[in-house]
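Structure assessment
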Amino acid sequence: MMEALLEHVRGIGRRTVNRVWRMGVAARFFLLVFLHSGPSFQRFHLIVREIFSAGVLSLIIILVSGLFVGMVLGMQGYETLQTYGSEEALGVLVSLSLVRELGPVVAALLFASRAGSAITAEIGLMKATEQIAAMEMMAVDPIARVVAPRFWGAVISMPLLAALFSAMGILGGYLVGVVLIGVDEGSFWSQMQAAVDFKEDILNGVIKSVVFGIAVTIIALFEGYDAPPTAEGVSRATTRTVVTSSLAILGLDFILTAFMFRGV
Amino acid sequence: MQRATLDLWVGLFVVAGIVAVLFLALKVGNLGGFDNGETYVVKASFDNIGGLKARAPVKSAGVLVGRVAEIGFDPKTYEASVTLSLDARYPFPKDTSASIMTSGLLGEQYIALEAGGDEKMLANGDALKITQGAVVLENLIGQFLFNKGDSAADKGEAAQ
């Protein structure tokens, strides 16, 4: 009895120490990726290929989700605003919620499950099939050749995807609000332009998406690089990538929002 | 061949992303407005600004002629000092008056400028002399009740 209890307590301690230890390794890994990114910028086609697989291949899901999120926002926003007789403010509601929050956050969540999981699986499998060990044998630095281009490709793609998500969402809100329901088009756009500030809202949204991009990518790369070289290990690492990066996105979003929008 | 098509797609993606940012900046945001144009700055102090915020519109005859650049508090006069940034295309006379208005019953607050008859025009950094602060609903109700009580007392005196 006592022995079992002791073992349980030891287990908690072991897991905690393990987490902290992994955090440390991840931080060192992050630094390592930065230090080794020089060569990947000299061979820019490597980054271009990663922009293709992380950015271009995520386009469909981002564009379609953005459109539908915007359309739903338009419908729900109209329902609520209509009761106060201010349905002209629909453009403000749709654009501010997309540009400030939904654009960066939802795009990053989709990006984590679409591109982040792919990165983890790819690197984990490269490790399981000993391709990474083979590179080291040939004196090719796997961080500079495999990891850094993926990092920069994904970090470049993320803000572009978030901007496309927001733009599609606003078009979706316009489609439902103005074309289908019949909110006045002039006040839809003019109230939106009066309320949305380039620095306060749009630039802060872009900054958010860059931060999310870095967080998602570094988590995906680290989980892949750190995965046990087995089929089960890779599958677990992929799951962990999606869970950890989703939590990281939402946590970071709270912190960034608290910094950026504290009212006038 | 493979690399060429891949480059094309990546190029298209980057262009689309930049177009989206431009769309957000110009069509959704107010970057295309006169914010970047020539402006001049005018100061005005109000006894109460109510819910006026920085970047609120400044209107004259209902037309947007500028924005509120900055709101501060003067510790000497205990008044709010508001800095207005006005479009240089619209010069105003020196005795222009500023008042804080509300658009609609529950709408946002803005500053309305009423042009005076002075021949000299406002220059950069000038201060507006005639101002009227925001109407605070609580004060209004208080005044109304006070007047009611007063007139009731008057009636009482008259009856005696």
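Rules and cut-offs
- Residues numbered from 1 in each chain as written.
- Chains lettered and ligands numbered in written order.
- Predicted model: local features only at pLDDT ≥ 70, side-chain atom pairs only at ≥ 80, totals over all residues.
- Helix = DSSP H or I, 4+ residues; strand = E, 2+ residues; numbered from the N terminus.
- Buried ≥ 20, exposed ≤ 12 C-beta atoms within 10 Å, placed from the backbone.
- Contact = placed C-beta atoms within 7 Å.
- Nonpolar A, V, L, I, M, F, W, Y, C, P; charged D, E, K, R; others polar.
- Axes fitted to C-alpha atoms, helices over the stretch in contact; angles between N-to-C directions.
- Left-handed = near helix turned anticlockwise from the far one by under 90°.
- Domains from an automatic or database assignment.
- Pairing = 2+ DSSP bridges.
- Bend = angle between axes of the 7 residues up to and from the residue.
- Arc of directions from axis to C-beta.
- Core = buried A, V, L, I, M, F, W, Y, C linked by C-beta atoms within 7 Å.
- Parallel < 35°, antiparallel > 145°, perpendicular 65-115°, else oblique.

**Details of the overall build of chain B**
Along chain B, the regular secondary structure elements total 2 helices and 8 strands. The buried share among the 160 residues of chain B stands at 21%.

**A closer look at the overall build of chain A**
Of the regular secondary structure elements, chain A holds 10 helices and 0 strands. Of the contacts made within chain A by residues no fewer than 6 positions apart, 87% connect residues no fewer than 24 positions apart.

**Topic: the interface of chain B and chain A**
Contacts between the two partners involve 21 residues from chain B, matched on the other side by 25 residues from chain A. Residue composition of the side of chain B that touches chain A, grouped by class: 14 nonpolar, 3 polar and 4 charged.

**Things to note about unusual backbone geometry**
Non-glycine residue Ala-139 of chain A carries a positive phi angle of around 60 degrees. On the secondary structure map, Ala-139 of chain A appears in the loop between helix 6 (131-137) and helix 7 (142-181). One non-glycine residue with positive phi stands out, namely Ala-61 of chain B, at about 55 degrees. Classification of Ala-61 of chain B by C-beta neighbours within 10 Å gives exposed; the count is 9.

**Regarding the packing of helix 4 (residues 59-83) of chain A against helix 5 (residues 90-128) of chain A**
All names here are of chain A. The geometry of helix 4 relative to helix 5 is characterised by a closest axis approach of 10 Å and an angle of 145 degrees between their N-to-C directions. Considering only the axes of helix 4 and helix 5, their crossing is right-handed. Along its contact with helix 4, which presents Ile-61, Ile-62, Ser-65, Val-69, Gly-70, Leu-73, Gly-74, Gly-77, Tyr-78 and Leu-81, the element helix 5 presents Leu-90, Leu-93, Val-94, Ser-97, Leu-98, Leu-102, Val-106, Ala-107, Leu-110 and Arg-114. When grouped by side-chain class, the residues that make up the contact of helix 4 with helix 5 number 14 nonpolar, 5 polar and 1 charged.

**Looking at the domain arrangement of chain B**
Here chain B is described as being made up of domain 1 (1-32) and domain 2 (37-139). Measuring from the centre of the C-alpha atoms in domain 1 of chain B to the corresponding centre in domain 2 of chain B gives 40 Å.

**Comments concerning the pairing of strand 2 (residues 57-60) of chain B**
All names here are of chain B. The sheet contact formed by strand 2 and strand 3 (residues 63-74) spans 4 bridges and is antiparallel. By the bridge assignment for strand 3, Lys-59 is matched with Leu-64. What sits between the antiparallel neighbours strand 2 and strand 3 is a turn of 2 residues, in which Ala-61 has the positive phi angle 55 degrees. The sheet contact formed by strand 2 and strand 6 (residues 109-114) spans 2 bridges and is parallel.

**Description of helix 5 of chain A**
The periodicity of an α-helix, 3.6 residues per turn, causes residues three or four positions apart to be oriented the same way. Bending of helix 5 of chain A peaks at approximately 55 degrees at the position of Leu-98 of chain A. With 28 of 39 residues buried, helix 5 of chain A is to be regarded as a mostly interior element.

**Quick notes on helix 8 (residues 185-195) of chain A**
Those residues of helix 8 of chain A not exposed but buried are Phe-188, Met-192 and Gln-193 of chain A. Projection of helix 8 of chain A onto a plane perpendicular to its axis shows the buried side chains occupying an angular sector of 115 degrees, all on one side.

**Details of the pairing of strand 4 (residues 79-87) of chain B**
Residue and element names in this part refer to chain B. With 8 bridges connecting them, strand 1 (residues 39-46) and strand 4 associate as antiparallel partners. The partner of Lys-43 across the bridge, within strand 4, is Thr-83. Counting the residues in the hairpin turn of strand 3 and strand 4 gives 4 residues, including Tyr-78, whose phi is positive at 55 degrees.

**Section: the nonpolar core**
Within the largest apolar cluster, 73 residues are counted, with the highest numbers of intra-cluster contacts made by Ala-108, Leu-161, Ala-163, Leu-164, Val-216 and Leu-221 of chain A. Listing elements by their share of this core, those giving two or more residues are helix 3 (44-54), helix 4, helix 5, helix 7, helix 8, helix 9 (198-226) and helix 10 (231-260) of chain A together with helix 1 (2-28) of chain B. Residues in contact with Leu-161 of chain A, not counting those within four places in the same chain, are Gly-55, Ser-58, Ile-62, Ala-107 and Phe-111 of chain A. In terms of nonpolar packing, the next biggest core, distinct from the first, is built from 21 residues, Phe-46, Ile-100, Tyr-110 and Ala-134 of chain B among them.

**Re the packing of helix 9 of chain A against helix 10 of chain A**
All names here are of chain A. Direction vectors running N to C along helix 9 and helix 10 enclose 155 degrees, while the axes themselves pass 9 Å from each other. With respect to their mutual orientation, helix 9 and helix 10 come out roughly antiparallel. Note on packing geometry: the crossing formed by helix 9 with helix 10 is right-handed. Between helix 9, through Asn-204, Lys-208, Val-211, Phe-212, Ala-215, Val-216, Ile-219, Ala-220, Glu-223 and Gly-224, and helix 10, the contact on the second element is made entirely by Ala-237, Arg-240, Thr-241, Thr-244, Ser-245, Ala-248, Ile-249, Leu-252, Asp-253, Leu-256 and Met-260. Looking at the contact of helix 9 with helix 10 residue by residue, the class counts come to 12 nonpolar, 5 polar and 4 charged.

**Examining the sheet that holds strand 7 (residues 127-128) of chain B**
Pairing in this open sheet of 8 strands is mixed, and the strands run 7-1-4-3-2-6-5-8 (chain B) from one edge to the other. Whereas interior strands pair on both sides, the edge strands pair on one side only; in this sheet they are strand 7 and strand 8 (130-132) of chain B.

**So, the environment of Val-178 of chain A**
All names here are of chain A. By the element assignment, Val-178 lies in helix 7. Separated by 139 residues in the primary sequence, Val-178 and Pro-39 have C-alpha atoms spaced 50 Å apart. With sequence-adjacent residues up to four places away left out, Val-178 is seen in contact with Val-183, Glu-185 and Phe-188.

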